[in-house]
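The lines below spell out each chain.
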Amino acid sequence: MKRTHVVAAFTATMVVAAGLTACSPADGGGGDGTDGPVTITIVETKQTNIDAIGAVIPDFEAAMEEQGKEIKVELIEDILTDEQFKTKMTQQLVAGQAPDVLDIGESMAVGWAAAGYLHPLDDYLDDWDGWDHWYPEIQEALTRQDGSVYTLAGGASVQNFFVRKDVLEEVGVDTSQPETWDELIDRLIEVKEQTGDTPIVIPAGTAWGGGTWFEGFQPLLGGTDTDYYDRESGTWDLESEGWLPVFELYHELVSNGLLPVEDLQNPNPWEPTKYVKFPAGDIQVAAQGTWGWRFDWGPEGATPIEGLDEKVITWQYPALRDGDRTYGWINTGGGYAIPESSENKDAAMEFIKFLTSGEALAEQLAASGAASARDDLDDVAPYSNEPRLLEAGEDLAESILVVTGDGTDQIGQAVATATELILSGEADGQQAYDAFVQDATELLGPSLVKE
Amino acid sequence: MTSLVDAPASVQTAIRPPAPGRRRSRRTWPIVALLLGPSAVLITVFIVLPAVYGVWLSLTNTQLTGFAARNPQFIGLDNYTYLLASADFLASLGQTGTFLFWSAIIGQTVLGMVAAVLLSRTWVRGKGFFGAALLMPMVVPEVVASLTWASVLATSPEGTLNRLTGLFGADSTAWLQDFPMLAIILVNIWRGLAFAMIMFQAALEDVPAELIEASRVDGASAVQVFRYVTLPLIRGPVFLYLLLTTISTVGVFGLVYFLTRGGPGGQTTIAAIYIYERALQFSQIGIGSAASIILLVIVLVLGVVYVRLAKVQV
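Along each chain, residues carry numbers from 1 onward, in the same order as the chain's sequence is written. For this description, chains carry letters from A and ligands carry numbers from 1, given in the order in which they are written. Whole-chain, interface and lining totals are the exception, using all residues; otherwise, since this is a predicted model, local features are given only for residues with pLDDT of at least 70 and side-chain atom pairs are given and counted only at 80 or more. By convention in this description, side-chain values take in all heavy atoms of the structure and omit both hydrogens and water.

1. Re the overall build of chain A
For the record, the criterion: Numbering goes from the N terminus for both helices and strands, where a helix is a DSSP run of H or I of at least four residues and a strand is a run of E of at least two. C-alpha atoms define the radius of gyration in this analysis, and the globule rule sets the expected value at 2.2 Å times the number of residues to the power 0.38. Buried residues are those whose accessible area, probed at 1.4 Å on protein chains only, stays under 20% of the maximum for their type, while exposed residues exceed 50% and partly exposed ones sit between those limits.
When you go through chain A residue by residue, the secondary structure sums to 18 helices and 13 strands. For 451 residues, the compact-globule estimate of 2.2 N^0.38 gives 22 Å, and the C-alpha radius of gyration of chain A, at 24 Å, lies within 12% of that figure. Along the longest, intermediate and shortest principal axes, the C-alpha atoms of chain A span 85 × 50 × 50 Å. Relative to its 451 residues, chain A shows a buried fraction of 56%.

2. Quick word on empty space enclosed by the protein
Leftover empty space is mapped by rolling, across the atoms, a probe with the size of a water molecule. Condition: Lining residues are those with an atom within 4 Å of a point, where the points come from a 1 Å grid over the protein atoms alone and group into cavities, where a 1.4 Å probe fits but cannot get out, or pockets, open sets with protein on both sides within 12 Å along at least five of seven lines. Grid points are joined across faces, edges and corners, and a volume is the space filled by probe spheres set on the points. Any residue outside Ala, Val, Leu, Ile, Met, Phe, Trp, Tyr, Cys, Pro, Asp, Glu, Lys and Arg is labelled polar, Gly included; the first ten of those are nonpolar and the last four are charged.
Applying the stated criterion to the full structure yields three cavities of 30 Å³ or more. Here the largest cavity defines a volume of roughly 70 Å³. Together, V110, A113, A114, R144, Q145, D146, Y150, G405 and D406 of chain A together with F67 and R70 of chain B line the largest cavity. Residue composition of the lining of the largest cavity, by class: five nonpolar, two polar and four charged.

3. Some details on a nonpolar patch on the surface
The following threshold applies: The patch calculation keeps residues exceeding 30% relative accessible area without a salt bridge and links them within 9 Å when they carry like charges or within 5 Å when they are nonpolar (Val, Leu, Ile, Met, Phe, Trp, Tyr). Note on areas: Shrake-Rupley with a 1.4 Å probe; residue coverage comes only from the protein chains shown. Here, a salt bridge means any Lys or Arg side-chain nitrogen found within 4 Å of an Asp or Glu carboxyl oxygen.
Together, V41, L42, I43, V45, F46, I47, V48, L49 and V52 of chain B make up a nonpolar patch on the protein surface, roughly 840 Å² of accessible area in all. As for its position among the elements, V52 of chain B is in helix 2 (residues 19-58).

4. Section: unusual backbone geometry
Geometrically, the link from A381 of chain A to P382 of chain A is a cis peptide bond, its omega value of 5° lying close to zero. In the Ramachandran plot, R261 of chain B falls in the positive-phi region, its phi being about 55° despite a non-glycine side chain. With respect to the helices and strands, R261 of chain B occurs in the loop between helix 13 (254-259) and helix 14 (271-281). For S283 of chain B, which is not glycine, the phi dihedral falls at a positive 65°. Structurally, the position occupied by S283 of chain B is in the loop between helix 14 and helix 15 (285-310).

5. A word on a negative patch on the surface
Residue and element names in this part refer to chain A. The cut-off we apply is this: Counting rule for charge: Lys and Arg are taken as positive, Asp and Glu as negative, and neither His nor the chain ends is counted. Taken as the charge centre is NZ of Lys, CZ of Arg, CG of Asp or CD of Glu, depending on the residue.
Taken together, the side chains of D182, D186, E190, E193, E248, E252 and D322 present a region of like negative charge at the surface. Going through the elements one at a time, helix 8 (181-195) and helix 10 (243-255) are the ones with two or more residues in the negative patch. Ranked by residue count, the leading element in the negative patch is helix 8, at four residues. Within the secondary structure, D322 is located in the loop between strand 10 (312-315) and strand 11 (329-331). Residue classification places D322 among the exposed positions, given a relative accessible area of 83%.

Put into structure tokens, the structure is as follows:
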């Protein structure tokens, strides 16, 4: 045989062998590591979480080794926005190629659990005494429409208004908790007159994606009306009485020039608003979850605010209608999940239990800025050294939560489109509500709309 | 009457009974199959089957998330009737038409022709520089081009265009908010100009110089020469370019997604953005597929019109 033929045959063999090797699992696969080495994968999309998870992986591997389990963890670092992550991971879930552990938000948890992409964790939780330490309201929030738990979140966030106290004091505006929206709007107008700024940012419009519903509209709606979703029938009540007042509130804020409309219509609207203007004091009030203390404006956050604790305070959401009270909004329902396609579910659950317990959880909460979802973490450092987060943890008990189900994506889409109409000046509150009802009815279909 | 026996040899060859040809084709079909087979397989696997699957999806209520993802149902033409009655989808088609007409048909084609004609003139100096300058946008990857223009058109006073207008005392302008469609049209013209210029330059080189000279001798002006001599001779390449640029412009996604994401207020939600939002962001694969098929049909119709007008074989 000619020498070139030998080289060609060798090369071809190596290519085929390499291809077949790539197609085979990296290890034995399956199990919890007692029957041989198991490597699980987890994907994180935020640098804060990448750092926090990366720091605890060696501890987990060592803990497992002590228990006679050979589990290795591969951290996939993929910096993405939530929308990008959702789009990308949905494709991977459909293809059965998702990592073994996912760290996901509520909208993904609802949609993916309903689609059957996530593995129910009930059997694991029944056998684990750690689950008893979750606050009952968080357990309820994590329970999906079919009665199963698909995600485990060790932390929860309370959504409030973050307020630049230093700027408000400088222009002589009251910094005490406003009791009603009328009171708050009067103060915002006063700020606008003195500074020329658009003083408040609440997610709205299509550019903010799912955040318009989860961080903008729903906290406003849930504070004045908890009947918009009927958990028994799994349907959305589009005629529930809270929708219209919230659309009217958005319109009032826009027509008074209080919302940064241009920024909200930009791609990535959180960048000019939360990452530029709020830190600069040019936006004075921002709807924000607890993670603002760390992830957004903390010393290691996206855009640190020097002297954050002195300059920034929080207000609860004011009452929107007569009879309402001020409130915080619980933001949770996401957490760690295991894809149904994972071949390493037992090992993945071991990792999730580790991440949602003890010091590992305390470190993540302190890093990302979330309150504990468990009742046994207040004394565990470094979480115990974070008075803001401990305070948020106490607020959890008094905050509002409305658990929803299938259809959140469609509702989020219809709300985003309707609020976009308000931003662009094409609709007032009533017109936006009408457009929302029409859009949501079409998108949800008859089975998800309450008669 | 001429019999086959009396006919010249060449004619006999031409009307020879088909049997020997069939024998030859029988001999050559393995090599033909070998040469065309891989292409046919690839086209079938990567184009025909996905297209057929896309048509099937468009007839179902397939979703990627939610309970509906578990059990997709055949729903006939419901997605099509929904889309054709949807103001959002029709608006996206309208915006696609606007984008296509001004950026591809008018902008790229006309300016590309002007650039090609100018660069074919002997008196123009610095042809290499101008040619290279026009070619640069085509070489730059789409993502890089988009990010560059996002920086140029940035709302803040630091945006390149705002810095330039600021030299004349103008306030900062939110270009991508105030003139979103104009912005993406200009960027697409900038990006596609080079290809038009190259195609038209090649076509102009094939126009016989003696025809131009003869018409000039007959007293035709430069515009008349172009209108009545040059243009009819390069009609084929012009319509071929129009066909290609129509297909590519209707499919433009990255440029618009990076610059405006279809906003503000849906003003730049061209069909490709609408399909992406529906199919991938909102996980409604059935509706997204139906929208894709409608767009495909529109492009096919336009393509047929171009081919008929050009009277060229494609």
